[in-house]
Amino acid sequence: MKMYVKFDFNALCKKVLDEKLKEHGLKYRLLNFGEVEFYEPLTQEQHNLFKKNLEDYGIEIIESQKSALVQKIKDAIVELVFSDEIIPVKASIYISEKLNHSYGYLSNLFSEVAFTSIENFIILQKIEHAKALIIRNKQSLTEIAHKLNYSSVAHLSTQFKNTTGITPSQFQKIIGKRRRVQSTVINHKMQYE
């Protein structure tokens, strides 16, 4: 049996962060996503132990202001792309307004720190979301293209192929074949039990 699970990464990370902060007995308040304000300074030992505990969950403490802002850009992009609602503004406007900086500044900073452009990062996130939607198998490619704000299925297909090396239709066929094989294996096992 297989189960498909949808993650709200922001909520998940916030919950882990909150639990770990409480475990360490630290006095704090959570500000925006990924920001913690401590009411008392941390000792180096507390900082190191807390950092180690978070790393076990794939969460890292960002030490520089530039890296922190780049992470906020990534978080805003993930929020934009994986939103259940279609957000009717351009990504550049959404990011700029969310972070209260000019898009030019954010774009240059992102390229400097992440070694890729905001546009490329958006495309990668859109393709990851498209793959997840295809795997869930509840929407057509037309619906997926619309949900991800593509002008057409052809546009989605071009970016999908440029990113993954295969078209969304080929990806759908691969997923369908895997499901059939898994279903056959499960049925075969059940017959002999």
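Counting restarts for each chain: residues are numbered from 1 in the order of the written sequence. In view of the model being predicted, local features appear only for residues whose pLDDT reaches at least 70, and side-chain atom pairs are presented and counted only at 80 or more, with totals across whole chains, interfaces and linings using the full set of residues. As a rule here, side-chain values cover all heavy atoms of the structure and leave hydrogens and water aside.

## Focus: the overall build of the chain
Secondary structure elements follow DSSP: runs of H or I of four or more residues count as helices, runs of E of two or more count as strands, with numbering from the N terminus. Summing up its helical and strand segments, the chain has nine helices and two strands in all. The linear arrangement of helices and strands in the chain, starting from the amino end, is α-β-β-α-α-α-α-α-α-α-α. Here the contacts in the chain between residues at least 6 apart in sequence split such that 49% fall between residues at least 24 apart. Contacts are assigned to residue pairs with any non-hydrogen atoms lying within 4.5 Å of each other.

## A look at the pattern of salt bridges
Salt bridges are defined by distance alone: a side-chain nitrogen of Lys or Arg within 4 Å of a carboxyl oxygen of Asp or Glu. Throughout the structure, instances matching the rule amount to eight salt bridges. Between Asp 56 and Lys 52 there is a salt bridge, and its shortest N-O distance comes to 3.2 Å. Classification of residues uses two cut-offs on accessible area relative to the type maximum, computed with a 1.4 Å probe and protein chains only: under 20% is buried, over 50% is exposed, and between them is partly exposed. For Asp 56, a relative accessible area of 53% gives the class exposed. Between Lys 131 and Glu 128 there is a salt bridge whose closest N-O contact spans 3.0 Å. Of this pair, Lys 131 and Glu 128 both sit in helix α6 (residues 118-136), three residues apart, which is roughly one turn of the helix.

## Looking at helix α3 (residues 65-81)
Side chains of residues three or four places apart in an α-helix project in the same direction, reflecting 3.6 residues per turn. Expected span of a helix, by definition, is 1.5 Å for each gap between consecutive residues, and there is one gap fewer than residues. The terminal C-alpha atoms of α3, which comprises 17 residues, lie 24 Å apart, in line with the 24 Å expected from a rise of 1.5 Å per residue. Packed against the buried residues of α3 are α4 (91-99), α5 (103-114) and α6.

## Overview of the packing of aromatic side chains
Under the pairing criterion, centres of Phe, Tyr and Trp rings, with the six-membered ring standing for Trp, must be within 6.5 Å; the plane angle then separates stacked pairs below 30 degrees from edge-to-face pairs above 60, leaving the rest tilted. Applying the stated rule across the entire model yields two aromatic pairs. The ring of Tyr 150 is capped by Lys 126, whose NZ or CZ atom sits 4.2 Å from the centre of that ring. By definition here, charges over rings are those cases where NZ of Lys or CZ of Arg is within 6 Å of the ring centre and within 35 degrees of the ring normal.

## As for the UniProt feature "domain: HTH araC/xylS-type" (unreviewed entry) in the chain
UniProt positions are given in the numbering used here, feature names are shortened, and annotations may be inferred rather than shown by experiment. Here the UniProt-annotated "domain: HTH araC/xylS-type" (unreviewed entry) positions come out as residues 95-174. For residues 95-174, helix accounts for 78% and strand for 0%, while the C-alpha atoms at its two ends are 35 Å apart.

## Observations regarding the layout of surface pockets
Cavities and pockets were defined on a 1 Å grid built over protein atoms only: a cavity is a set of grid points that admits a 1.4 Å probe from which the probe cannot escape, a pocket is an open set flanked by protein on both sides within 12 Å along at least five of seven lines, and lining residues are those with an atom within 4 Å of any such point. Grid points are joined across faces, edges and corners, and a volume is the space filled by probe spheres set on the points. Estimated volume of the largest pocket: approximately 1300 Å³. Every residue lining the largest pocket is counted, 37 residues in all, and those nearest its centre are Gly 34, Glu 35, Glu 60, Ile 62 and Gln 71. For the lining of the largest pocket, the elements supplying multiple residues, two or more each, are α1 (9-23), β2 (36-38), α2 (44-55), α3 and α5. For the lining of the largest pocket, the element with the most residues is α3, which contributes 10 residues. Each residue belonging to the lining of the largest pocket can be placed in one class, and the counts come to 21 nonpolar, nine polar and seven charged. Note on residue classes: Ala, Val, Leu, Ile, Met, Phe, Trp, Tyr, Cys and Pro are nonpolar, Asp, Glu, Lys and Arg are charged, and everything else, Gly too, is polar.

## Observations concerning the side chain of Gln 159
With respect to the helices and strands, the residue Gln 159 is situated in helix α8 (residues 153-164). The exposure class assigned to Gln 159 is buried, which follows from its relative accessible area of 16%. For Gln 159, the contacting residues outside a window of four places in its chain are Ile 123, Ile 127 and Tyr 150.

## Section: the nonpolar core
Throughout, nonpolar core names a set of buried Ala, Val, Leu, Ile, Met, Phe, Trp, Tyr and Cys residues whose side chains join them through atoms within 4.5 Å. Ranked by internal contacts, the top residues of the largest apolar core, which has 29 residues, are Ile 73, Ile 77, Ile 95, Leu 106, Ile 118, Ile 144 and Leu 156. Of all the elements in the fold, those that place two or more residues in this core are α3, α4, α5, α6, α7 (141-147), α8 and α9 (168-191). If near-sequence neighbours (up to four positions away) are discounted, Ile 118 is found in contact with Ile 73, Ile 77, Ile 95, Tyr 103, Leu 106, Ser 107 and Phe 110.

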